[in-house]
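# Descriptive structure summary
Spelled out, the chains give:
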Amino acid sequence: MLLLGMTVAASAQNSNVANVSMSASLSESVTVSLSGANVNFTLTSGNTSNPGNTTISATTDWVLKPGRTALKLYAYFNSSTIALAHTDVTNTSDIPSSAVEVGVNGGALSPVSSTVVFGAANAGLQLFNQSITGVNKTGTRTDTLAFNINLGSLTQLPSDTYNGTLHIQAQATP
């Protein structure tokens, strides 16, 4: 009798719990890109100053794992004695890596004549050493590279066209 004025409360019906497993990965990476990759020189015999016709911007991007403490950028050749090779078959002279100089961000020119982790012995140059901490495990930097060929010790270099490839590569350590 009292039931006529009362409504029956509906109860909810719940399903089982279904789960979605999720996983996300961010791979560790280091990349180097260059703005332009051709530098030409007009050489003067015995001259210490034979600057390249342009500078190159080297952009280094990184995403690193915890525990990395440094990121280094290197320039290197595959040979210390033949950085730029002669093209005339009658010429036997080449330009060594020690005659090629690189300046970073307007700094002093340094010869490519050190032994580094890449390339041949006495055919490399460290361009930068970036300390890595907890706040810069991900980052980017752009460095301007200037080039020179110092012929001060190559006073008898014959007239020819000399070609070579300078490699730029980064390494994160440890």
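Details of the structure are given in the entry above.
Now for a description of the structure that goes with this document. Note that the structure is predicted; figures quoted are calculated from it, not measured.

The rules behind each value
- Throughout this document, residue positions are counted from 1 along each chain, in the order its sequence is written.
- Restriction of local features to residues with pLDDT of at least 70 applies here, the model being predicted, together with a cutoff of 80 or more for giving and counting side-chain atom pairs; totals for whole chains, interfaces and linings are based on all residues.
- To obtain the side-chain values, all non-hydrogen atoms of the structure were included, while hydrogens and water were left out.
- What makes a nonpolar core is a set of buried Ala, Val, Leu, Ile, Met, Phe, Trp, Tyr and Cys residues whose side-chain atoms join them at distances within 4.5 Å.
- Whether a residue is buried, partly exposed or exposed follows from its accessible area with a 1.4 Å probe, protein chains only, as a fraction of its type maximum: under 20%, in between, or over 50%, in that order.
- It only takes one pair of heavy atoms within 4.5 Å for two residues to be counted as in contact.
- Segments assigned H or I by DSSP are reported as helices when at least four residues long, segments assigned E as strands when at least two residues long, and all are numbered from the N terminus.
- One bridge is not enough; two strands pair if DSSP finds at least two bridges between them.

## Points about the nonpolar core
Core analysis: the largest hydrophobic core is formed by 31 residues, its most contacted members being Leu71, Leu84, Ile95, Val102, Leu127 and Leu145. Non-local contacts of Leu145, meaning those with residues more than four positions away in its chain, are made with Thr55, Ile56, Ala58, Val102, Gly103, Val104, Leu127 and Ile168.

## Remarks on unusual backbone geometry
Residue Thr173 is joined to Pro174 through a cis peptide bond whose omega torsion reads 10 degrees. Inspection of the secondary structure assignment puts Pro174 in the segment after β10 (167-173). Look at Asn105: it is not a glycine, yet its phi comes out positive at around 55 degrees. With respect to the element layout, Asn105 can be found in the loop between β5 (100-104) and β6 (110-111). Located in the positive-phi region is Asn122, a residue other than glycine, with phi close to 60 degrees. Structurally, Asn122 is set in the loop between β6 and β7 (124-131).

## Quick word on the pairing of strand β3 (residues 70-76)
Of all 7 residues in β3, 7 are buried; the element is thus mostly enclosed. Both faces of β3 are covered, namely the face carrying Ala70, Lys72, Tyr74 and Tyr76 and the face carrying Leu71, Leu73 and Ala75. In this sheet, β7 lies alongside β3 in antiparallel orientation, the contact comprising 7 bridges. Residue pairing across strands places Tyr76 opposite Gly124, the latter belonging to β7. Pairing of β3 with β10 involves 7 bridges; the strand directions are antiparallel. Residue pairing across strands places Ala75 opposite Ile168, the latter belonging to β10.

Taken by themselves, the reported measurements are silent on function.
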